[in-house]
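# Examining the three-dimensional arrangement
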Amino acid sequence: MKDVKERRCFWASFFTTLCLIMLVCGIITVDYQTARVGFGQSQPLIQVLVSEEKTSLSIHVLGAGGEWDITALDQWVQNAENVVVTAVEEGQKLLEQIPLQKAYK
């Protein structure tokens, strides 16, 4: 009996959260389309501007917006990407050195 109530509570909260997320997405979509059609604005909601010296994130939603400097995050992501690519390349080199049976070649 307790299990049924817990499931019912979970599914009710899951459905409510899903409905709220869909409502917010719908409001943002309507706002964007109204600005595009009614006022001729074609500025994207989210825009990442990359230049030589800095990377910035610009968000404009529901008449409010802001711009943030994400240069450190961009550099961290590039470093993480380089680490993953190097690890994959080294792993492939190691696998090439291991003699496999003919069935696996």
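Relevant structure appears above.
Report on the accompanying structure. Keep in mind the model is a prediction, meaning the values are calculated, not measured. (Residues numbered from 1 in each chain as written. Predicted model: local features only at pLDDT ≥ 70, side-chain atom pairs only at ≥ 80, totals over all residues. Heavy atoms only, no water.)

Broken down by element type, the protein carries 2 helices and 3 strands. Seen in sequence order, the protein has helices and strands lined up from the N terminus as α-β-β-β-α. Taking the principal axes of the C-alpha coordinates as reference, the protein spans close to 65 × 60 × 25 Å. For the protein, with 105 residues in total, the buried portion stands at 8%. Contacts spanning at least 24 positions in sequence make up 11% of the contacts within the protein whose residues lie at least 6 apart. Summing over all exposed atoms, the protein offers an accessible surface of approximately 9300 Å²; the carbon and sulfur share of this is 64%. Seen as two clouds, the 9 positive and the 12 negative side-chain charges of the protein have centres 18 Å apart. (Helix = DSSP H or I, 4+ residues; strand = E, 2+ residues; numbered from the N terminus. Buried < 20%, exposed > 50% of the residue type's maximum accessible area, 1.4 Å probe, protein only. Contact = heavy atoms within 4.5 Å. Areas by Shrake-Rupley, 256 points an atom, 1.4 Å probe, with all protein chains shown as cover. Lys, Arg positive; Asp, Glu negative; His and termini not counted. Charge placed at Lys NZ, Arg CZ, Asp CG, Glu CD.)

On to the side chain of Ser56, then. Summarising the element assignment, Ser56 is placed in strand β2 (residues 55-61). At 3.4 Å, the side chain of Ser56 and the side chain of Glu67 are in polar contact. If we skip the residues at most four places from it in the chain, Ser56 touches Gln47, Val48, Leu49, Glu67, Trp68, Asp69 and Ile70. (Polar contact = N/O pair within 3.5 Å; in protein donor to acceptor, adjacent residues only side chain to side chain.)

This part covers a nonpolar patch on the surface. Judged by side-chain polarity, Phe10, Trp11, Phe14, Leu18 and Met22 come together as a nonpolar surface patch covering roughly 550 Å² of accessible area. Structurally, Phe10 is set in helix α1 (residues 2-39). Relative accessible area serves as the criterion here: at 46%, Phe10 is assigned to the partly exposed category. (Patch = residues over 30% accessible without salt bridge, like charges linked within 9 Å, V, L, I, M, F, W, Y side chains within 5 Å. Salt bridge = Lys/Arg side-chain N within 4 Å of Asp/Glu carboxyl O.)

With that settled, the discussion passes to the pattern of salt bridges. When the charged atoms of two side chains lie near each other, side chains of opposite charge can form a pair. Within the structure shown, the criterion is met by 2 salt bridges. Between Asp3 and Arg7 there is a salt bridge, with the nearest N and O atoms lying 3.2 Å from each other. Taken as a pair, Asp3 and Arg7 lie in helix α1 at a separation of 4 residues, close to a single helical turn. Owing to a relative accessible area of 41%, Asp3 belongs among the partly exposed residues under this scheme. For Lys93, the salt bridge goes to Glu90, with nearest N and O atoms at 3.6 Å. In this pair, Lys93 and Glu90 are both assigned in helix α2 (residues 71-97), 3 residues apart and thus about one turn of the helix distant. A residue is classified by how much of its surface remains accessible, and Glu90, at 40% relative accessible area, is partly exposed.

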